[in-house]
Amino acid sequence: MHSPSSRSAVVRALRAAGCVFAEDEAELILATARTAEDVTSMVDRRVGGLPLEQVLGWARFHGLRVVVEPGVFVPRRRTEFLIDQALAEAPPATVVVDLCCGSGALGAALAAALDGTEVHAADIDPAAVRCAGRNLAPYGGRAHQGDLYDALPAALRGRVGILTANVPYVPTADLPLLPAEARDHEPRVALDGGADGLDVLRRVAAGAAEWLAPGGCVLSETSERQAPAAVEAFTAAGLTTRLAVSEELYAHVVLGVRP
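Just so you know, these numbers come straight off a predicted model, no measurement behind them.

A. Structural view of the overall build of the protein chain. Regarding its fold elements, the protein chain presents 10 helices and nine strands. Here the C-alpha radius of gyration of the protein chain, 19 Å, is about what a compact globule of 259 residues would show, namely 18 Å. In terms of overall dimensions, the protein chain has C-alpha extents of about 60 × 40 × 30 Å along its principal axes. For the protein chain, the residues scored as buried account for 53% of the 259 residues in total. Considering only intrachain contacts with a sequence separation of at least 6, the fraction spanning at least 24 residues in the protein chain is 61%. With the model as given, the accessible surface of the protein chain reaches about 11600 Å², and the carbon-plus-sulfur share is 54%. Of the charged side chains in the protein chain, 23 are positive and 32 negative, and the gap between their average positions amounts to 3 Å.

B. Up close: the packing of aromatic side chains. If you walk through the whole model with that rule in mind, you get one aromatic pair. The interplanar angle of 10° and the centroid separation of 5.8 Å between the aromatic rings of Tyr-149 and Trp-211 together place this pair among those described as stacked. Placement of Tyr-149 in the loop between strand S5 (142–145) and strand S6 (160–165) and of Trp-211 in helix H9 (residues 199–211) is noted, with a sequence separation of 62 residues between them. The exposure class of Tyr-149 is buried, given its relative accessible area of 10%. What makes Trp-211 buried here is its relative accessible area of 4%.

C. Molecular detail of helix H5 (residues 80–89). Counting buried positions along H5 gives seven out of 10 residues, so the element sits mostly inside the fold. Considered for burial, the residues of H5 that qualify are Glu-80, Phe-81, Leu-82, Ile-83, Gln-85, Ala-86 and Leu-87. On its buried face, H5 sits against strand S1 (58–61), helix H6 (105–113), S6, strand S7 (212–222), strand S8 (240–246) and strand S9 (251–257).

D. Geometry of the pattern of salt bridges. Within this structure, the stated rule accounts for 17 salt bridges. Among the ionic pairs, Glu-69 bridges to Arg-134, the shortest N-O distance being 2.8 Å. One end of the pair, Glu-69, is in the loop between strand S2 (64–67) and H5; the other, Arg-134, is in helix H7 (residues 126–136), with 65 residues separating them in the sequence. You can call Glu-69 buried: its relative accessible area is 17%.

E. Spatial organisation of the side chain of Gln-226. Positionally, Gln-226 belongs in the loop between S7 and helix H10 (227–236). Polar side-chain contacts of Gln-226 include one of 2.9 Å to the side chain of Ser-223. With residues near it in sequence (within four places) discarded, Gln-226 still touches Tyr-169, Pro-171, Asp-196, Gly-197 and Leu-198.

F. Spotlight on the pairing of S5. Two elements, strand S4 (residues 118–123) and S5, share four bridges in a ladder whose sense is parallel. Pairing of Asp-123 across the sheet is with Gln-145, part of S5. With H7 bridging S4 and its parallel neighbour S5, the resulting β-α-β unit is right-handed.

What counts as what
Residues numbered from 1 in each chain as written. Predicted model: local features only at pLDDT ≥ 70, side-chain atom pairs only at ≥ 80, totals over all residues. Heavy atoms only, no water. Helix = DSSP H or I, 4+ residues; strand = E, 2+ residues; numbered from the N terminus. Rg over C-alpha atoms; globule rule 2.2 N^0.38 Å. Buried < 20%, exposed > 50% of the residue type's maximum accessible area, 1.4 Å probe, protein only. Contact = heavy atoms within 4.5 Å. Areas by Shrake-Rupley, 256 points an atom, 1.4 Å probe, with all protein chains shown as cover. Lys, Arg positive; Asp, Glu negative; His and termini not counted. Charge placed at Lys NZ, Arg CZ, Asp CG, Glu CD. Phe/Tyr/Trp six-rings, centres within 6.5 Å; stacked < 30°, edge-to-face > 60°. Salt bridge = Lys/Arg side-chain N within 4 Å of Asp/Glu carboxyl O. Polar contact = N/O pair within 3.5 Å; in protein donor to acceptor, adjacent residues only side chain to side chain. Pairing = 2+ DSSP bridges. Right-handed = clockwise from strand over helix to strand, strands pointing away.

So yeah, pure geometry; function would need other evidence.
In structure tokens, the structure reads:
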């Protein structure tokens, strides 16, 4: 139990560091910390600019508490919209693949919603693969290290019902404009999408039909500005394509279905 004075001190420290939601963050830190020393350490790391989720060691995502380790991309709330679109499009999916998986939050969310599904995740970053493995373990899922489809077991080819790919889509020139939390504490490989931000998305689109089951879908998040080119890439890959938009979350998801 932490005294009101310690809570006040935490709020003051966070507010002084520029944390807009200092009161909410203080509650989360105090609820997660086991000792006074933990509180001090966590506050110091947060004041130093570490993303709150990496300080806590977890993030809320689609109703789950997802493990988030240092140096691993933090799942965004807007990406929950992608999960909702996937579940609406392919509710009978029995095989799920989460490419560019980061923490494995998308794969875990789909596994939790689709009882008994076979779930795989893949990322080029070994730290992400370790973290995803922890989050998928309760569902019997597996995490693989490698470059996109190269990481996947060959036996999955033509069997995937839902393929999520939360690809990096920030144009290289825009990286310096990102908030310091992302720019300084999340891996560049999880953010940098190349000159126009769509390099990885195009590669995902080009290979998707080979891995999807008939009627299976692939989903990627993109920005409003990039959405027309992203839709074009999915359509050029032979997929039946549509764009889903959430004004509330400012989320744009391009979805392609294998005919």
